[in-house]
Amino acid sequence: MPDVVQDGAVVSLAYTLKLANGEIIDYSEVDDPLEYLHGAENIIPGLERELTGLHVGDSKEVEVQPADAYGDYDPDEVEVVERSMLPKDMPLQLGTVLAIQDDENNLSEAIVRAISAKDVTLDFNHPLAGQKLFFSVQVLGVREASEEELAHGHPHGPDGEEDFDELDFEDFEDFDDDMDEDFEDEEDFEEED
Ligand code: ZN
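Let me begin by describing the structure that accompanies this report. All figures in this text were calculated on a predicted structure; none of them were measured in a lab. (Residues numbered from 1 in each chain as written. Predicted model: local features only at pLDDT ≥ 70, side-chain atom pairs only at ≥ 80, totals over all residues.)

Moving on, we get to the pairing of strand 7 (residues 107–115). Examined bridge by bridge, strand 6 (residues 97–101) and strand 7 share five bridges and lie antiparallel to one another. Opposite Gln 101, over in strand 7, you have Leu 107 as the bridge partner. Counted along the chain from strand 6 to the antiparallel partner strand 7, the turn is five residues long, and its residue Asn 105 has a positive phi close to 65 degrees. Across four bridges, the pairing between strand 7 and strand 8 (residues 119–123) is antiparallel. Among the inter-strand pairings, Ile 111 is bridged to a residue of strand 8, identified as Asp 123. Hairpin connection between strand 7 and strand 8: a loop of three residues separates the two successive antiparallel strands. (Pairing = 2+ DSSP bridges. Helix = DSSP H or I, 4+ residues; strand = E, 2+ residues; numbered from the N terminus.)

With that settled, consider the sheet that holds strand 5 (residues 78–82). Read from one edge of the open sheet, four strands run 5-8-7-6, paired in antiparallel fashion. Only two strands of the sheet have a single neighbouring strand rather than two, namely strand 5 and strand 6. The average undirected angle you get between the axes of adjacent strands in this sheet is 45 degrees. (Axes fitted to C-alpha atoms, helices over the stretch in contact; angles between N-to-C directions.)

Attention now goes to the nonpolar core. Counting 24 residues, the largest nonpolar core has Val 5, Val 11, Leu 13, Phe 135 and Val 139 as its most contacted members. Those elements giving two or more residues to this core turn out to be strand 1 (9–18), strand 3 (34–37), helix 1 (45–51) and strand 9 (133–144). Setting aside its immediate chain neighbours within four residues, Phe 135 contacts Tyr 15, Leu 17, Leu 47, Val 62 and Val 64. (Core = buried A, V, L, I, M, F, W, Y, C linked by C-beta atoms within 7 Å. Buried ≥ 20, exposed ≤ 12 C-beta atoms within 10 Å, placed from the backbone. Contact = placed C-beta atoms within 7 Å.)

A regular strand places its side chains so that they alternate between the two faces of the sheet. Note that strand 1 and strand 9 share 10 bridges and pair antiparallel. Within strand 9, the position partnered with Ala 9 by the bridge is Glu 144. With four bridges connecting them, strand 1 and strand 2 (residues 24–28) associate as antiparallel partners. Looking at strand 2, one finds that Tyr 15 is bridged to Ser 28. In this structure, the hairpin formed by strand 1 and strand 2 is closed by a connection of five residues, where Gly 22 is found at a positive phi of approximately 90 degrees.

All right, on to unusual backbone geometry then. Positive phi, close to 55 degrees, is recorded for Glu 41, a residue that is not glycine. Looking at the secondary structure, you find Glu 41 in the loop between strand 3 and helix 1. Glu 41 gets classed as partly exposed once you count the C-beta atoms within 10 Å, which come to 13. The phi dihedral of Asn 105 is positive, around 65 degrees, even though this residue is not glycine.

As for its position among the elements, Pro 45 is in helix 1. In this structure the C-alpha to C-alpha distance between Pro 45 and Ala 67, which are 22 residues apart in sequence, comes to 9.4 Å.

Take a look at the structure:
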């Protein structure tokens, strides 16, 4: 396989991800690169598209519009609910990500945007919805994926082990960690009509 980023290639990438305000929200350094399988939607579409055709050693600045990243921000996804509708032991802090269960037992993630004595404002948009993303990327390596990797749709570690961590940038502000805890003590939540 030539040293070109293409479908079916496992790509090693160093990157920095910034928001429009310059804040760095994620990165992977040269000595600990991200590995992903190109063409398998391991990474957001707007970034994957711009990486296609790059050679090993190439660097690139990539600006990704919200629609090609985590979607546009939808004001209708923000709801004000009475505090009494939420489980009493639910940790309510500004910016906390909660796992909310609706009447149909669907779990969704919501960020606490405001808290008053009576109400809580929950934002069901993805934390990065509406954000333009700015990547600085450097292609460190390209190799042909194994058949097993292609079948699984993700790369494996050096000894073929399953150590792939989905790259969806949800590590943003310990998003995943918060979710795990919240899922453990999830309780029914009835939507206010
Ligand atoms: Zn696998």
